[in-house]
Amino acid sequence: DVKRIVSKVPKERQTLFFSATIPPAIAQLTTWVVRDPEIIEISRRAPAETVSHAFYPVVQTQKFELLIALLERTHYESVLIFCRTKIGADTISRRLDNLGHPVAVMHSNRSQSERTEALTGFKSGKYEVLVATDVASRGLDIAGISHVVNYDTPLHPEDYVHRIGRTGRALNEGDAFTLLTEDEIKYAKAIERFIGETVERK
């Protein structure tokens, strides 16, 4: 969409580009859109001190079993589970529903009415679990989320901070669990460098 817009505007122009995060794909796009830019960068957002972090090493085939074990042994008010893909989010929510967990799902393939219903139900307590892609990691203001679970480790450290920022709000305590496969260790190390602390392995 951006490329199509840029193709229609004059070559001589002033371009202002704003982004909460700039992953590599977007950074590459900016080099094409702007010329000799002035960059204004606000300091990186750190996780709230009220959030406790934990990495749970697990093999891929046992990820869902570990998720269920965590839900069963954890006292929670509401849980936001992040998956990397829409198919993954649908699969996890369906399996949780089959086990009797009141669950909703949110991603970009859901209609606006479906997203609204999921969000309203999660806020009201109708659903104790919301499974989502990163579409839910920014801009959602939901009070009382006690736990965030990264079912898939985010590929970019900034996304981790945005995801776990859904809990531990307004000085409330929150927990951030990340299910970590061997293939995702490099992403975990990048997260630790970004937040400036070593996360406990459980």
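Residues numbered from 1 in each chain as written. Predicted model: local features only at pLDDT ≥ 70, side-chain atom pairs only at ≥ 80, totals over all residues. Heavy atoms only, no water.

(A) Highlighting the confidence of the model for the protein chain. On average, residues of the protein chain score 84 in pLDDT, and 90% of them reach the 70 mark or higher. The weakest mean pLDDT in the protein chain belongs to helix α2 (residues 24-33) at 75; the strongest belongs to helix α4 (residues 86-98) at 93. (pLDDT = per-residue confidence, 0-100. Helix = DSSP H or I, 4+ residues; strand = E, 2+ residues; numbered from the N terminus.)

(B) Highlighting the sheet that holds strand β4 (residues 129-132). Strand order in the open sheet formed by seven strands is β3-β4-β2-β5-β6-β1-β7, and the pairing between neighbours is parallel. Each having just a single partner strand, β3 (103-106) and β7 (200-201) make up the two edges of the open sheet. Where β3 meets β4, four bridges bridge the pair, whose relative direction is parallel. Pairing of V105 across the sheet is with V131, part of β4. Of the strands in this sheet, β2 (79-82), β3 and β4 touch helix α5 (residues 112-124), which is tilted by about 135° from β3. (Pairing = 2+ DSSP bridges. Contact = heavy atoms within 4.5 Å. Axes fitted to C-alpha atoms, helices over the stretch in contact; angles between N-to-C directions.)

(C) How the structure looks around helix α7 (residues 185-195). Within α7, burial applies to A188, A190, I191, E192, F194 and I195. Residues of α7 that are buried make contact with β1 (51-57), α6 (157-164), β6 (174-180) and β7. (Buried < 20%, exposed > 50% of the residue type's maximum accessible area, 1.4 Å probe, protein only.)

(D) Quick look at the packing of aromatic side chains. The tally for this structure, following the rule as stated, stands at one aromatic pair. Consider the rings of Y56 and F177, whose centres lie 5.4 Å apart with planes at 75°: the pair is edge-to-face. Of this pair, Y56 sits in strand β1 while F177 sits in strand β6, and the two are 121 residues apart along the sequence. Neither Y56 nor F177 differs from the other in exposure class; each is buried. One Lys or Arg, K63, reaches over the ring of Y151 and ends 5.2 Å from the middle of that ring. (Phe/Tyr/Trp six-rings, centres within 6.5 Å; stacked < 30°, edge-to-face > 60°. Lys NZ or Arg CZ within 6 Å of the ring centre and 35° of its normal.)

(E) Region of interest: the environment of H53. Summarising the element assignment, H53 is placed in strand β1. On a C-alpha basis, the gap between H53 and E200 in space is 7.0 Å, while along the polypeptide they are 147 residues apart. The contacts of H53, once residues within four sequence positions are left out, are P47, Y160, I164, A176, I195, E197, V199 and E200. A distance of 2.7 Å separates the side chain of H53 from the side chain of Y160, its partner in a polar contact. (Polar contact = N/O pair within 3.5 Å; in protein donor to acceptor, adjacent residues only side chain to side chain.)

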